[in-house]
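Observations on the three-dimensional arrangement
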Amino acid sequence: MNEKQPQIITSAQMRAMEATAIGTGSVTGLELMERAGTGLVTAILAAWPELARPGTAPRAVILCGPGNNGGDGFVVARQLRKRGWRVALYLYGGAERLPPDARANHDRWCKIGRVNPLPAKPDFGTPDLIVDALFGIGLSRPLTGFDTIFAAISRTQAPVLSVDLPSGRDADARPDTMDWPTAPTSLVVTFHALKPAHAHLRARGVPVIVAPLGL
Ligand SMILES: NC(=O)C1=CN([C@@H]2O[C@H](COP(=O)(O)OP(=O)(O)OC[C@H]3O[C@@H](n4cnc5c(N)ncnc54)[C@H](O)[C@@H]3O)[C@@H](O)[C@H]2O)[C@H](O)CC1
Ligand SMILES: [K+]
């Protein structure tokens, strides 16, 4: 009996599903983003239970990008802070560039925490966890100028949770994108279903978790 193969959808199919769900009014983009953030935090606590122990105040560094992938990062920051984590959040790009759902979560985060601009040569110190919420399925071309940031992530030797995709990776794993510069990763949490890039990551031994969005 052949093992049930995980469903793999393209980024276009994912976008169409999100658009249909939002278009029919069955859910809002903001609600989808909150579900995504909750799925990410659930995965963090399951993957690193030593950080979930009451009484510890783990330190997370959260890197937010200019789109809704960054929006997910703001949700994670708020939810971890609520659990007593210390959170240092960095934003690449201006808040005014954020799309509505991400901006709403940026504004909610600003009520309880700071937004630091992501420096070109960052020093993230020694966090317990790094959350890579820079880029997801909206990446349209190879990243340039992120090498020092990726090196700074590696220098921390902290585990890296990739939101949806390791930043820099093309979700559809088109052949000419396989050598695009990509952030380090320890664990990838994607949403609703695997995309082609996730099958490649798993084949290379990178753990990939699919968080449901209720779609
Ligand atoms: N739709 C929803 O409410 C949900 C979305 N999910 C998350 O959203 C991202 C996809 O978000 P999107 O805004 O479409 O794209 P990204 O955030 O991945 O990035 C777009 C952003 O980046 C810029 N950009 C693209 N390529 C480059 C580049 N090479 N260099 C610099 N900047 C680049 C582009 O201009 C945009 O500003 C998805 O991955 C999920 O994480 C929720 O999970 C579910 C709800
Ligand atoms: K990411």
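None of these values were measured; they are calculated from a predicted model.

Digging into the packing of aromatic side chains
On inspection of all chains with the given rule, the structure shows 5 aromatic pairs. Ring geometry for Phe-135 versus Phe-146: centroids 5.5 Å apart, planes at 80°, classification edge-to-face. With Phe-135 in the loop between strand S4 (129-133) and helix H6 (147-156) and Phe-146 in the loop between S4 and H6, this pair connects stretches of sequence that are 11 residues apart. The same class applies to Phe-135 as to Phe-146, namely buried. Taking the centre distance of 6.0 Å and the plane angle of 35° together, the rings of Phe-146 and Phe-150 count as tilted. Both residues of the pair, Phe-146 and Phe-150, belong to the buried class. Of the aromatic side chains, those joined through ring pairs into one cluster are Tyr-92, Phe-135, Phe-146 and Phe-150.

What about the environment of Ile-44?
Assignment of secondary structure puts Ile-44 in helix H2 (residues 29-47). Along the chain, Ile-44 and Ala-95 lie 51 residues apart, while their C-alpha atoms are 26 Å from each other. Excluding residues within four positions of it along the chain, Ile-44 makes contact with Val-76, Leu-80, Trp-85, Leu-129, Val-131 and Leu-161.

Overview of the sheet that holds strand S2 (residues 86-91)
Within the open sheet, the 7 strands sit side by side as S3-S2-S1-S4-S5-S6-S7. Their pairing is parallel. Every other strand in the sheet has two partners, leaving strand S3 (116-117) and strand S7 (208-211) as the edge strands with one partner each. Across the sheet, H2 touches S4, strand S5 (160-163), strand S6 (187-191) and S7, and the angle it forms with S6 is around 150°.

Rules and cut-offs
- Residues numbered from 1 in each chain as written.
- Chains lettered and ligands numbered in written order.
- Predicted model: local features only at pLDDT ≥ 70, side-chain atom pairs only at ≥ 80, totals over all residues.
- Heavy atoms only, no water.
- Phe/Tyr/Trp six-rings, centres within 6.5 Å; stacked < 30°, edge-to-face > 60°.
- Helix = DSSP H or I, 4+ residues; strand = E, 2+ residues; numbered from the N terminus.
- Buried < 20%, exposed > 50% of the residue type's maximum accessible area, 1.4 Å probe, protein only.
- Contact = heavy atoms within 4.5 Å.
- Pairing = 2+ DSSP bridges.
- Axes fitted to C-alpha atoms, helices over the stretch in contact; angles between N-to-C directions.

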